[in-house]
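Descriptive analysis of the structure
Residue strings, one per chain:
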Amino acid sequence: MCGRFTLTVDPSELQDAFSEFTFPDQFSPRFNIAPTQPILVIPNDAKNKADFFLWGLIPSWAKDPSIANKLINARGETIAEKPSFRGGFKYKRCLIIADGFYEWKAQPGVKTKTPYFIHMKDRKPFAFAGLWDEWHSPDGGSVRTCTIITTEPNELMSTLHNRMPVILNQKDYADWLDAAPRTPDSLLHLIKSFPADKMSAYPVSTMVNAPGNDRAELVVPVQ
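Notes on the structure follow. Because the structure is predicted, anything quoted here is derived from the model rather than measured.

With that settled, the discussion passes to the pairing of strand β8 (residues 114-120). Within β8, six of the seven residues are buried, leaving the element largely enclosed by the surrounding structure. Two elements, strand β7 (residues 100-105) and β8, share five bridges in a ladder whose sense is antiparallel. Bridge pairing links F101 to I118 in β8. In the sheet, β8 pairs with strand β12 (residues 199-203) via five bridges, with the strands oriented antiparallel. Each bridged residue has a counterpart across the sheet, and for I118 the counterpart in β12 is A201.

Set out below in structure tokens:
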């Protein structure tokens, strides 16, 4: 799964990495983004513009918005069939912007799992494959939400966990963000693990376990 991630680069650096998109002029660096919080998303609405969505999908048909807590991730192997995701896979796909994420490794005989920070070797920002939707509340309000798609781990991630987020290659952004309805067969080839040789990971402090901790020390390596 993917339960925490980071976005610490400044807007200008992000603009350089995603030159075909526009971003908010200002936003704060985040070292411990957690579910239900606002995250930076580029939806396939043909505007090529990033905005903040809440992390945790609320399908438009949902009666209870608390379903978002259960839908922070979507398994890539079943998104074309699951009622919560199949509509989004066909109509509402998005890029979720990050520059790292965390995973927790279980150690034999040790009760507490060790958190690891995973990032690109070049330390550049990247995009998770996601789905989004807009939910309208009975009082007339609306909220846009999203979920991160996961898949089988690559060689690096398999040493930490049995799942990993789907990270898209830059050349595939336009295909994923196609505003037209798409069939599963035309998109499932993008649901795959990212090359391990382009990624790196190291252990970090258990301070990251608490969502309230959000500071630069969280990504400092520990022994």
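Along the chain, the position of I96 falls in strand β6 (residues 93-98). I96 gets classed as buried once you look at its relative accessible area, which sits at 0%. Sequence separation of I96 and W132 is 36 residues, and the distance between their C-alpha atoms is 9.9 Å. Setting aside anything within four residues of it in sequence, one finds I96 in contact with F5, I39, L40, V41, F126, A127, F128, G130, C146, T147 and I148.

Let's shift gears to the packing of aromatic side chains. Under the definition given, this model contains 12 aromatic pairs. The interplanar angle of 10 degrees and the centroid separation of 5.6 Å between the aromatic rings of F18 and Y173 together place this pair among those described as stacked. Within this pair, whereas F18 is found in the loop between α1 (11-17) and β2 (30-33), its partner Y173 is found in helix α3 (residues 173-176), the two being separated by 155 residues in sequence. Judged by relative accessible area, Y173 falls into the buried class, the value being 5%. With centroids separated by 5.4 Å and ring planes inclined at 50 degrees, the aromatic side chains of Y102 and F117 adopt a geometry described as tilted. Pair noted here: Y102 is in strand β7 and F117 is in strand β8, with a separation of 15 residues, a long-range link.

The full count for this structure, using the stated rule, is nine salt bridges. For the salt bridge of D214 with R30, the shortest nitrogen-to-oxygen distance reads 2.5 Å. In this pair, D214 sits in the segment after β12 while R30 sits in strand β2, placing the two residues 184 residues apart along the sequence. Judged by relative accessible area, D214 falls into the partly exposed class, the value being 30%. Here D178 and R182 are joined by a salt bridge, their closest N and O atoms 3.1 Å apart. Take R182: its relative accessible area is 13%, and that puts it in the buried class. One salt-bridge network, held together by shared partners, links E77, E152 and R163.

Moving on, we get to unusual backbone geometry. At A46, a position not held by glycine, the phi torsion is positive, near 70 degrees. Note on placement: A46 falls in the loop between β3 (38-43) and β4 (51-55). Using a relative accessible area of 63% as the deciding quantity, one classes A46 as exposed. With phi around 60 degrees, R123 is a residue other than glycine that occupies positive phi space.

We now examine the nonpolar core. If you look at the biggest cluster of nonpolar residues, it comprises 56 residues, and the most contacted ones within it are F5, L95, I97, F101, F128 and W176. Elements supplying a minimum of two residues to this core: β1 (5-7), β3, β4, β6, β8, β9 (126-136), β10 (142-151) and α3. Ignoring sequence-local partners within four residues, the contact set of I97 consists of F5, L7, L14, F18, F23, L40, I42, F126 and A127. Grouped together as the second largest cluster of nonpolar side chains are nine residues, Y202, V204, L218 and V219 included.

Quick look at the sheet that holds β7 now. Strand order in the open sheet formed by five strands is β2-β1-β7-β8-β12, and the pairing between neighbours is antiparallel. Where the open sheet ends on each side, the last strands, each with one partner, are β2 and β12. For this sheet, the mean angle separating the axes of adjacent strands, direction not counted, is 25 degrees.

We now examine the environment of S84. As for its position among the elements, S84 is in the loop between β5 (73-75) and α2 (86-91). Measuring from C-alpha to C-alpha, the distance between S84 and S60 comes to 9.4 Å, with 24 residues separating the pair along the chain. Excluding its chain neighbours within four sequence positions, the residues that come into contact with S84 are L57, P59, W61 and L71.

Reading the values: the criteria
- Residues numbered from 1 in each chain as written.
- Predicted model: local features only at pLDDT ≥ 70, side-chain atom pairs only at ≥ 80, totals over all residues.
- Heavy atoms only, no water.
- Buried < 20%, exposed > 50% of the residue type's maximum accessible area, 1.4 Å probe, protein only.
- Helix = DSSP H or I, 4+ residues; strand = E, 2+ residues; numbered from the N terminus.
- Pairing = 2+ DSSP bridges.
- Contact = heavy atoms within 4.5 Å.
- Phe/Tyr/Trp six-rings, centres within 6.5 Å; stacked < 30°, edge-to-face > 60°.
- Salt bridge = Lys/Arg side-chain N within 4 Å of Asp/Glu carboxyl O.
- Core = buried A, V, L, I, M, F, W, Y, C linked by side-chain atoms within 4.5 Å.
- Axes fitted to C-alpha atoms, helices over the stretch in contact; angles between N-to-C directions.

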